[in-house]
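Working through the structure, step by step
The lines below spell out each chain.
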Amino acid sequence: MADYRMAERLTPYLRQLIAKGNTAIEMQYRQDVPMSQEPELFPELDPLGEDSRYSKGSGIVHKFGNRVLWKATFRCAAHCQFCTRYRQIGTPKGDLSKLDIETGLAYIAANPEIDDVILSGGDPLYVPQITSQIVLGLSKIDSVRVVRIGTRLPIHSPRTFQSVPIKKLLSLFSEIAKHKAMYALIQFNHPDELTKEVDVVLRELVQAGMVLLSQTVFLKGVNDSKDILAKLFCELFYRGVVPYYIYRCDYVHGLERFVCELNVERKIMTELTKTLSGIAVPTYVIDVAGRGKIPVPLEFWKPTALVSCVDFDGKKMLV
Ligand SMILES: *Cc1c(COP(=O)(O)O)cnc(C)c1O
Ligand code: SF4
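What comes next is a walk through the structure.

Moving on: the site of ligand 2. Around ligand 2 sit C76, A78, C80, C83, I89, G122, R152, H156 and Q187, and that is every residue in its neighbourhood. Cavity membership is defined here by more than half of the atoms lying within 2 Å of grid points; on that basis ligand 2 lies in the largest pocket. For the shell around ligand 2, the residue count by class is 5 nonpolar, 3 polar and 1 charged.

Here's what the structure looks like:
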């Protein structure tokens, strides 16, 4: 077993789904899913420079002027084997201390061009005490207008939403939602993740005043299919979740087995654009070592020989 696979971590809820034969879940979380024989193409563990180029300390990644990504923790209820940050997931070292939180809040307050804070990790809902301190602090900074919470906890452990710490956190969100926009960015990769228990959580998040968006990663063998993604995006749309982004899997060392063919992805997104309601079609983006999420041109435009594109700085990058 290559050492770049994350320690396997599953919740009882995910174990139950796998026991019932849910292979889409199994492929995302099991460590022993057979590996394709591809060479290791990608040399870097952190191709997007989160830990180096754009790190501002205390878990803050400030890459774009008006918005910051803030990692509350490196821990999650379960470990997705394709995680773009698997290099740091699972260790308690990423849990922000009180001092980290104060330092991060001071950085955000001192840079009033930051109007949008994206809590990420790890999973910020996995550490409700840390996250409540952060959002309480953010709620007092007038220049912050939007708080986004990136999470997979609804899929990993919908039952946790019945626990006291999460209930308290959601009631704090609903207070803050009276004066700032609160978005939940939930990662969904397969329609089988939308169980009845997850439906209940989605309704609770809406009741907490949050706007629900989804993010999806193209994963070979899991969702590189027009029918699977059509079902996923429609079912999200029916539940009031707006599909926001679908990402090409990042070119991280060790994740080669999950990366689909670019032209297969483009074809799928072209077909979905033709058939689904506009709200149900996410933007298909690629985030390769450049400075932003670059939308991939679909097949509506010719010629489409995709060998390179220009990133947000006008720098050419290969795909
Ligand atoms: C994705 C990302 C954001 C948010 O980008 P949006 O396109 O506004 O959703 C912000 N900061 C970093 C570092 C990111 O990777
Ligand atoms: S929940 Fe998110 S951060 Fe955690 S392992 Fe999965 S993809 Fe990575």
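On to empty space enclosed by the protein. Tallied over the entire structure, the rule returns 1 cavity of 30 Å³ or more. Its volume calculated, the largest cavity comes out at about 40 Å³. As for the largest cavity, its lining consists of L45, D46, P47, L48, E50, T84, R85, R87 and V252. Within the lining of the largest cavity, the residues separate by chemical class into 4 nonpolar, 1 polar and 4 charged.

Between helix α3 (residues 98–110) and helix α4 (residues 128–139), whose axes approach to 10 Å, the crossing angle comes to 25°. What the angle tells us is that α3 and α4 run roughly parallel. Crossing handedness for the pair α3 and α4: right-handed. Between α3 and α4, the residues in contact are K98, I101, L105 and I108 and I130, Q133, I134, G137 and L138, respectively. Each residue belonging to the contact of α3 with α4 can be placed in one class, and the counts come to 6 nonpolar, 2 polar and 1 charged.

Estimates place the volume of the largest pocket at around 1,000 Å³. Considered class by class, the residues forming the lining of the largest pocket number 21 nonpolar, 11 polar and 11 charged. Its volume calculated, the second largest pocket comes out at about 160 Å³. In this structure, the second largest pocket is lined by 16 residues; those nearest its centre are S58, G59, I60, K71 and F74. Looking at side-chain class alone, the lining of the second largest pocket contains 4 nonpolar, 6 polar and 6 charged residues.

Our next topic: the packing of α4 against helix α6 (residues 164–176). Where α4 contacts α6, the axes come no closer than 10 Å and their chain directions differ by 10°. As judged from the angle between their axes, α4 and α6 are roughly parallel. Residues P128, Q129, T131, S132, V135, L136 and S139 of α4 form the contact with α6, whose participating residues are P165, I166, L169, L172, F173 and I176. Across the contact of α4 with α6, the residue classes break down as 9 nonpolar, 4 polar and no charged.

Parameters at a glance
Here the residue numbering is sequential within each chain, running from 1 through the sequence in written order. Note on labels: chains are lettered from A, ligands numbered from 1, in written order. Side-chain atom pairs in this predicted model are given and counted only at pLDDT of 80 or more, local residue features only at pLDDT of at least 70, and totals for whole chains, interfaces and linings cover all residues. The side-chain figures draw on all heavy atoms in the structure; neither hydrogens nor water molecules are used. Only a single heavy atom is needed: when it lies within 4 Å of a molecule or strand, its residue is near that molecule or strand. For cavity detection a 1 Å grid was placed over the protein atoms alone, and a set of points counts as a cavity when a 1.4 Å probe fits there but cannot get out; an open set counts as a pocket when protein lies on both sides within 12 Å along at least five of seven lines, with lining residues being those that have an atom within 4 Å of a point. Pocket or cavity membership: a molecule qualifies when more than half of its atoms sit within 2 Å of the grid points of that site. When residues are sorted by character, Ala, Val, Leu, Ile, Met, Phe, Trp, Tyr, Cys and Pro go into the nonpolar class, Asp, Glu, Lys and Arg into the charged class, and all the rest, Gly among them, into the polar class. Grid points are joined across faces, edges and corners, and a volume is the space filled by probe spheres set on the points. Geometry is summarised by axes, namely lines fitted to C-alpha atoms with helices restricted to the contacting stretch, and by angles between N-to-C directions that run from 0 to 180 degrees. Each helix is a run of DSSP H or I of at least 4 residues and each strand a run of E of at least 2, with the numbering of both proceeding from the N terminus. Reported orientations rely on four angle classes, namely roughly parallel under 35 degrees, roughly antiparallel over 145, roughly perpendicular from 65 to 115, and oblique for the rest. Handedness of a helix crossing follows the sense of rotation of the near helix relative to the far helix, less than a right angle counterclockwise being left-handed and clockwise being right-handed. We call two residues in contact when some of their heavy atoms are within 4.5 Å.

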